[in-house]
Amino acid sequence: MTPERWQKVKEVLATVLEAPASNRDACLEQLCAGDDSLRREVELLLNQQDQMQSQFLDETSLAEAAAAVLPGENSSVGRRVGAYKTLERIGVGGMGEVYRAVRADGQFAKEVAVKLVRGGFDSASVSERFRNERQILASLDHPNIARLLDGGTANDGMPYLVMELIDGERIDIYCDRNKLTINDRLRLFRKVCSAVQYAHRRLVIHRDIKPSNILVTKDGTPKLLDFGIAKILSPVDDAETVLTVTQAMTPEYASPEQIRGDAITTATDVYSLGVVLYQLLTGRSPYPGHTHTPHKLAQAVCESEPIRPSSIVVRKESLTASNSAADQDFAEVYRAAFG
Amino acid sequence: MRLVRCDSINVRDRVHFFSLAAQIMRQILIDHARQSAAAKRGGNAITIALDDAPEPEGKKTNLDLIALDDAMVQLAALDSRQCKIVELRFFGGLSIEETAQAVDISPATAKREWATARLWLHRAINSSPVP
């Protein structure tokens, strides 16, 4: 169709649309005046009215279409994920969103945390890796480790994990809000270490230890979340490249070997524990001033010596382990923490 | 990122602003729609557990934004002002009166343009063969 032709079609169409329904045929007949192809063209468009839903191109259809394509605020609330139904979004992270959820079939009223893994991850290989790991992860039974309960692929292909729901707050916030003394902080931290040691004995590495993965419940029990999850979500074991490893870690707590893309060992966790302890004791990052640009931070982690916590806080003897954990030589680190 | 560039544009009045907003909204939504379409097409087959069977029919009425955008490009070739009207009404959420003001036509004309554009777009979206 040419623009000129469309002007003509449009004019007839608009006039017919404004005519009373009983008059339309006569109106069409008159306006087309023997031009059959014009008439067919207009009729074809008029017929769209019958097939067209009244909300075609109205505000609600924009809202719906937008909700379908944008990441969205609460887009997955009320959604069925495997055997579970999501109730409320309780967290958002780089890898996805976490929802409070219950069994959809009502068999158990107990609430769980469902983690939906968003974009960028190859769902087929995530679910395969999950199948390989789930036995090991599900067997982690420790009072300070949040249990992994289930997992799979939702109906749109999105991988999900189901975990014990922990009602608690981040360890660093918990410590500060309750104004814990250094001794109390260390006592709390020892429990975290015992959880990590327990998992290490079963050859499971956390890979992403950080304050937001350590929640403290109301009764003061620390719980480590997401054990082994980073491995499930990071592409290809062992042969990992620097780039892919970077996606499944948090630079501020990542060890030099993680940043470099070297082999991941239990010392990786010990290093991250060291950074967490450093922060719990001093209230600051071992690499201050670099935390806002990932690249600079990565460079600082790999190349610079952190400031000794003892020069920040007075209680010197309690800090020895923290500083050596945040040292770059991890063989030494492991001996200092668990040896 | 798109909004950053707006600093340099002299937003003279409300109408200009909404016209600009409609354009940006269209661009953002279409970008997202294309991304999510690409993600769905991408690579590996997806395993579907038996209890995750697709939703029953009846809710499959969501507007295909990519098809709409393609149709709007076709409409723009026939009548660029009419396409602009659709952009303002649909992506910008302007009323008939506001749209009329934005493109400097009478509300009656805006209404006619909108009504005929809807029919034309509906046909274009539903008759185009799926590639």
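Being a predicted model, the structure only gives us computed values, none of them experimental.

Novice: Honestly, the overall build of chain B in this entry has me stumped. Any pointers?
Specialist: The number of helices and strands found in chain B is five helices and zero strands. Helices (α) and strands (β) of chain B occur, in sequence order from the N terminus, as α-α-α-α-α. A buried classification covers 37% of the 131 residues belonging to chain B. A sequence separation of at least 24 residues applies to 64% of the contacts in chain B between residues at least 6 apart. Summed over all atoms, the accessible surface of chain B reaches about 8,100 Å², with 56% contributed by carbon and sulfur.

Novice: Please clarify how the overall build of chain A should be interpreted in this entry.
Specialist: Of regular secondary structure, chain A possesses 14 helices and nine strands. Here chain A holds 339 residues, and 50% of them are scored as buried. For chain A, long-range pairs separated by at least 24 residues make up 55% of all intrachain contacts whose partners lie at least 6 apart in sequence. Total accessible area on chain A stands at roughly 16,700 Å², and carbon and sulfur atoms take up 51% of it.

Novice: Explain the interface of chain B and chain A here, please?
Specialist: Size of an interface, as often reported, equals the accessible area lost when the parts are brought together. Opposite the 35 residues of chain B that make contact, chain A presents 45 residues. Taken together, the two surfaces of chain B and chain A that pack against each other cover about 3,500 Å², and 62% of this comes from carbon and sulfur. Applying the counting rule to chain B against chain A returns four salt bridges. The tally of links between chain B and chain A comes to nine residue pairs in polar contact (both at pLDDT 80 or more). Looking at the side of chain B that touches chain A, the elements with two or more residues in it are α1 (14-41), α2 (65-78), α3 (80-91) and α5 (107-127) of chain B. Counting residues per element, the side of chain B that touches chain A draws most heavily on α5 of chain B, which supplies 12 residues. Within the side of chain B that touches chain A, the residues separate by chemical class into 19 nonpolar, nine polar and seven charged.

Novice: Please explain the sheet that holds strand β9 (residues 222-224) of chain A as it appears in this structure.
Specialist: Strand pairing in a sheet relies on backbone hydrogen bonds. The paired strands run either parallel or antiparallel. All names here are of chain A. Ordered by their spatial adjacency, three strands build an open sheet running β7-β8-β9, and the pairing between neighbours is antiparallel. If you trace the sheet from one side to the other, it starts and ends with β7 (168-170) and β9, each paired once. Between one strand axis and the next, the sheet turns through 35 degrees on average, direction left out of account. In this structure, strand β8 (residues 214-217) lies alongside β9, joined through three bridges in antiparallel fashion. Bridge pairing in β9 links V216 to P222. Contacts between helix α7 (residues 182-201) and the sheet are confined to β8 and β9, with β9 contributing the most and set at about 30 degrees to the helix.

Novice: What should I look at first to understand the packing of aromatic side chains in this one?
Specialist: Counting across every chain of the model gives three aromatic pairs over all chains. Aromatic pair F17 of chain B and F18 of chain B: ring centres 5.6 Å apart, planes at 70 degrees, arrangement edge-to-face. When the ring centre of Y198 of chain A is taken as reference, the NZ or CZ atom of R202 of chain A above it lies at 3.8 Å. The ring of W114 of chain B carries R89 of chain B above its face, with NZ or CZ at 4.7 Å from the centroid.

Novice: How should I be thinking about the pattern of salt bridges in this particular structure?
Specialist: A side chain of one charge can pair with a side chain of the opposite charge when the charged atoms of the two come close. Residues and elements named next belong to chain B. All chains considered together, the criterion is met by 25 salt bridges over all chains. For the salt bridge of D69 with R34, the shortest nitrogen-to-oxygen distance reads 3.3 Å. Here R34 lies in helix α1 and D69 lies in helix α2, a separation of 35 residues in the sequence. A relative accessible area of 10% means that D69 is categorised as buried. For R34, a relative accessible area of 36% translates into the label partly exposed. Taken together, the shared-partner salt bridges connect R26, R34, D69, D70, K84 and E87 into one network.

Novice: Help me understand the packing of α2 of chain B against α5 of chain B in this model?
Specialist: Geometrically, a packed helix pair is captured by the angle between its two axes and the distance between the axes. Residues and elements named next belong to chain B. Where α2 meets α5, the axes come as close as 9 Å, and the angle between the chain directions of the two elements is 125 degrees. In terms of orientation, α2 lies oblique with respect to α5. The crossing of α2 and α5 is right-handed. Facing α2, whose interface residues are A67, L68, A71, M72, Q74, L75 and L78, α5 presents A117, W120, L121, A124 and I125. Taken together, the residues of the contact of α2 with α5 sort by class into 11 nonpolar, one polar and no charged.

Novice: Is there a simple way to think about helix α4 (residues 59-69) of chain A in this case?
Specialist: Think of an α-helix as 3.6 residues a turn; residues three or four steps apart then line up on the same face. Residue and element names in this part refer to chain A. Taken residue by residue, α4 has S61, L62, A65, A66 and V69 as its buried positions. The arc that holds every buried residue of α4, seen down its axis, measures 130 degrees, which confines them to one face. Exposed positions of α4 whose direction lies more than 90 degrees from the buried face are E59 and A67.

Novice: Got a minute to help me understand the packing of helix α1 (residues 3-18) of chain A against α5 of chain B in this structure?
Specialist: Here α1 of chain A crosses α5 of chain B at 105 degrees, and the two axes come no closer than 10 Å. On the basis of the axis angle, α1 of chain A is roughly perpendicular to α5 of chain B. Within the contact between the two elements, α1 of chain A uses W6, K10, E11, L13, A14, T15, L17 and E18 of chain A and α5 of chain B uses R112, E113, A115, T116, L119 and W120 of chain B. Considering only residue class, the contact of α1 of chain A with α5 of chain B consists of seven nonpolar, two polar and five charged.

Novice: Is there a simple way to explain α3 of chain B in this structure?
Specialist: Residues and elements named next belong to chain B. For α3, with 12 residues, the first-to-last C-alpha span of 16 Å sits near the 16 Å given by 1.5 Å per residue. Residues of α3 that are buried include every one of Q82, C83, I85, V86, E87, L88, F90 and F91, and no others. Looking one or two residues beyond α3, the residue adopting positive phi is G93, at roughly 70 degrees.

Quick notes on the rules
Residues numbered from 1 in each chain as written. Chains lettered and ligands numbered in written order. Predicted model: local features only at pLDDT ≥ 70, side-chain atom pairs only at ≥ 80, totals over all residues. Heavy atoms only, no water. Helix = DSSP H or I, 4+ residues; strand = E, 2+ residues; numbered from the N terminus. Buried < 20%, exposed > 50% of the residue type's maximum accessible area, 1.4 Å probe, protein only. Contact = heavy atoms within 4.5 Å. Areas by Shrake-Rupley, 256 points an atom, 1.4 Å probe, with all protein chains shown as cover. Buried area = accessible area lost by both parts, 1.4 Å probe. Salt bridge = Lys/Arg side-chain N within 4 Å of Asp/Glu carboxyl O. Polar contact = N/O pair within 3.5 Å; in protein donor to acceptor, adjacent residues only side chain to side chain. Nonpolar A, V, L, I, M, F, W, Y, C, P; charged D, E, K, R; others polar. Pairing = 2+ DSSP bridges. Axes fitted to C-alpha atoms, helices over the stretch in contact; angles between N-to-C directions. Phe/Tyr/Trp six-rings, centres within 6.5 Å; stacked < 30°, edge-to-face > 60°. Lys NZ or Arg CZ within 6 Å of the ring centre and 35° of its normal. Parallel < 35°, antiparallel > 145°, perpendicular 65-115°, else oblique. Left-handed = near helix turned anticlockwise from the far one by under 90°. Arc of directions from axis to C-beta. Expected span 1.5 Å × (residues − 1).

No statement about biological role is implied by the geometric values presented.
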